[in-house]
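Each chain, written out:
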Amino acid sequence: MCGIAGLIHRDGATSVGKEMTAMLLSLKHRGPDSTGFAVYGTSAPGEYVMRLKLAEAEDLTKDHQIRDKIKAREALVDKRLAELGADVIEKAEATPYAFRYRLRHGGDTRKLATEIEQIEGAEVLSFGSALELIKDLGDASQVSEQYGLGTFRGTHGIGHTRMATESDVDIRSAHPYWAYPYNDIAVVHNGQITNYWIMRREMERLDHRFMSNCDSELLAVYTANNLEQGATLEDSLKASIKDIDGVFTYLVATDKELGMAKDTMAAKPMVLYESDDLVALASEEVAIRTLIPREIDTSDPYDEEVRVWQR
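Because the structure is a prediction, the values reported are computed rather than measured.

Q: Can you walk me through the overall build of the chain in this structure?
A: Helix and strand counts for the chain stand at nine helices and 15 strands. The C-alpha radius of gyration computed for the chain amounts to 18 Å, which stays within 12% of the reference 19 Å derived for 311 residues, consistent with globular compactness. Projecting the C-alpha coordinates of the chain onto the three principal axes gives extents of approximately 50 × 40 × 40 Å. When each of the 311 residues of the chain is scored for burial, the buried share is 57%. In the chain, 71% of the contacts between residues at least 6 apart in sequence involve partners at least 24 apart. Counting only carbon and sulfur atoms, one obtains 46% of the accessible surface of the chain, whose full area is about 12,800 Å². In the chain, which carries 36 positive and 52 negative side-chain charges, the distance between the mean positions of the two groups comes to 3 Å.

In structure tokens form, the structure reads like this:
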């Protein structure tokens with residue numbers, strides 16, 4: 001079933017981490033397996049934040065040597081970053097297997113991410129100027145507390161509560177997905193993509209990488225490919241309605257935009273609230289009411305509807 005949510009403030013930074021936590025916790029009944037956030041904070045010229053995992057959460061109980069392996073992988077990451085000319089400003093351990101690096105880098109960010117992922121067990125969850133992507137097993141309150149999202153300030157974000165129906169219950173299969181190699185694009189999705197393997201092989205022939213077998217990752221890769229070819233976010237969303245088969249409602253965020261698209265059948269729900277300073281979307285109105293606990297007017301985007309908002 002799954003639940004998705006997103007918001008964008010047009011009047012500056014707020015407690016986006018806390019707001020997204022409340023929205024996703026209200027959607028817990030739609031997917032208790034994992035929760036993910038893509039939140040957008042302030043950026044500085046030449047600086048990036050890399051969110052990285054070096055193991056799966058389940059490895060902590062399955063492999064008694066995993067902590068030593070993670071430490072060895074962490075040392076390799078630090079060495080590889082130095083070799084690639086990245087200056088690490090700050091490093092933090094969110095969990096025993098997940099890390100946050102704030103760094104300066106003037107080179108090829110795609111090459112850097114690719115080189116890091118050559119290390120056994122390493123997966124770059126996001127590499128962004130404004131984006132930070134956090135996802136793990138458990139509900140929104142558990143993940144938010146683990147990763148300190150309650151104090152995160154930013155302008156917008158998207159999130160997902162997952163009920164696993166087609167792939168494993170692990171961090172790799174959780175949403176959101178980073179649109180590699182673009183550093184500030186993330187996607188969350190509710191639905192099923194029926195031409196996933198056809199589209200995936202097409203993207204792989206174009207040298208795009210996939211880290212999971214979850215059909216939702218295709219939307220992130222597809223978006224990255226379109227933007228690489230010079231399309232706008234709105235162009236990409238409109239094209240997806242013709243190119244992607246199945247039932248889907250999905251949200252895409254960039255450093256300055258929040259977008260949504262619904263397929264032809266519009267079978268997957270989406271509720272929209274829009275005011276002069278806030279846009280909020282969710283699979284159910286109850287999530288929006290965590291932000292605005294009063295009577296509000298909402299709408300249900302129609303079939304094949306595409307919308308894009310700027311902060």
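Let's pick the thread back up.
Q: Help me understand unusual backbone geometry in this model?
A: Negative phi values dominate among residues other than glycine, just as trans dominates among peptide bonds. In this chain, His175 is followed by Pro176 through a cis amide linkage whose omega measures 0°. Structurally, Pro176 can be placed in the loop between β8 (156-162) and β9 (177-178). In this model, Ala266 sits at a positive phi of 50°, which is unusual for a non-glycine residue. Mapped onto the fold, Ala266 is located in the loop between β12 (257-262) and β13 (271-274). Here Glu304, not a glycine, exhibits a phi torsion of approximately 65°, which is positive. Mapped onto the secondary structure, Glu304 falls in the loop between α9 (285-289) and β15 (306-310).

Q: Help me out: how do you make sense of the packing of aromatic side chains in this one?
A: Here a ring pair, both rings aromatic, is described through the centre-centre distance and the interplanar angle of the planes. Overall, the coordinates contain three aromatic pairs when judged by the stated rule. Between Phe248 and Tyr250, the aromatic rings sit 5.9 Å apart at their centres with planes inclined by 55°, giving tilted as the arrangement. Across this residue pair, the class does not change: Phe248 and Tyr250 are buried. Against the face of Tyr177 rests Lys135, its NZ or CZ located 4.2 Å from the ring centre.

Q: I keep staring at the pairing of strand β10 (residues 186-193) and nothing clicks. Help me out?
A: The side chains of a regular strand alternate between both faces of the sheet. Burial runs high along β10: seven of the eight residues are buried. Here β9 pairs with β10 via two bridges, running antiparallel. Its bridge partner lying in β10, Tyr177 is registered against Val187. By the bridge criterion, eight bridges tie β10 to strand β11 (residues 246-253) in an arrangement that is antiparallel. Within β11, the residue paired with Val188 across the bridge is Leu251.

Q: In this structure, what is going on with the sheet that holds β9? I would like to understand it.
A: Ordered by their spatial adjacency, five strands build an open sheet running β9-β10-β11-β12-β15, and the pairing between neighbours is antiparallel. Bordering the open sheet on either side are β9 and β15, each of which pairs with just one other strand. Pairing geometry for β11 and β12, over five bridges, is antiparallel. Looking across to β12, one finds that Leu251 is bridged to Met260.

Q: Would you explain the layout of surface pockets in this entry?
A: By rolling a water-sized probe across the atoms, one finds the places where empty space is left. Its volume calculated, the largest pocket comes out at about 230 Å³. Of the residues in the lining of the largest pocket, the class split is seven nonpolar, five polar and five charged.

Q: Honestly, helix α1 (residues 16-25) in this entry has me stumped. Any pointers?
A: Every α-helical turn comprises 3.6 residues, leaving residues that sit three or four positions apart pointing alike. Where burial is concerned, most of α1 is hidden: seven out of the ten residues are buried. Inspection of α1 places Val16, Gly17, Glu19, Met20, Thr21, Met23 and Leu24 among the buried residues, and these make up the whole buried set. At its buried positions, α1 is contacted by β1 (3-9), β2 (34-40), α5 (140-147), β8, β14 (278-282) and α9.

Q: Is there a simple way to explain the packing of helix α7 (residues 217-228) against helix α8 (residues 233-243) in this structure?
A: A pair of packed helices is characterised by two quantities: the angle between their axes and the separation of those axes. At a closest axis distance of 10 Å, the pairing of α7 and α8 adopts a crossing angle of 125°. By the angle class used here, α7 and α8 are oblique. As α7 packs across α8, the resulting crossing turns out to be right-handed. Where α7 abuts α8, its residues Tyr222, Thr223, Asn226 and Leu227 lie against Leu233, Ser236, Ala239, Ser240 and Asp243.

Definitions and cut-offs
- Residues numbered from 1 in each chain as written.
- Predicted model: local features only at pLDDT ≥ 70, side-chain atom pairs only at ≥ 80, totals over all residues.
- Heavy atoms only, no water.
- Helix = DSSP H or I, 4+ residues; strand = E, 2+ residues; numbered from the N terminus.
- Rg over C-alpha atoms; globule rule 2.2 N^0.38 Å.
- Buried < 20%, exposed > 50% of the residue type's maximum accessible area, 1.4 Å probe, protein only.
- Contact = heavy atoms within 4.5 Å.
- Areas by Shrake-Rupley, 256 points an atom, 1.4 Å probe, with all protein chains shown as cover.
- Lys, Arg positive; Asp, Glu negative; His and termini not counted.
- Charge placed at Lys NZ, Arg CZ, Asp CG, Glu CD.
- Phe/Tyr/Trp six-rings, centres within 6.5 Å; stacked < 30°, edge-to-face > 60°.
- Lys NZ or Arg CZ within 6 Å of the ring centre and 35° of its normal.
- Pairing = 2+ DSSP bridges.
- 1 Å grid on protein atoms, 1.4 Å probe; cavity = no way out; pocket = protein on both sides within 12 Å on 5 of 7 lines; lining within 4 Å.
- Points joined across faces, edges and corners; volume = space filled by probe spheres on them.
- Nonpolar A, V, L, I, M, F, W, Y, C, P; charged D, E, K, R; others polar.
- Axes fitted to C-alpha atoms, helices over the stretch in contact; angles between N-to-C directions.
- Parallel < 35°, antiparallel > 145°, perpendicular 65-115°, else oblique.
- Left-handed = near helix turned anticlockwise from the far one by under 90°.

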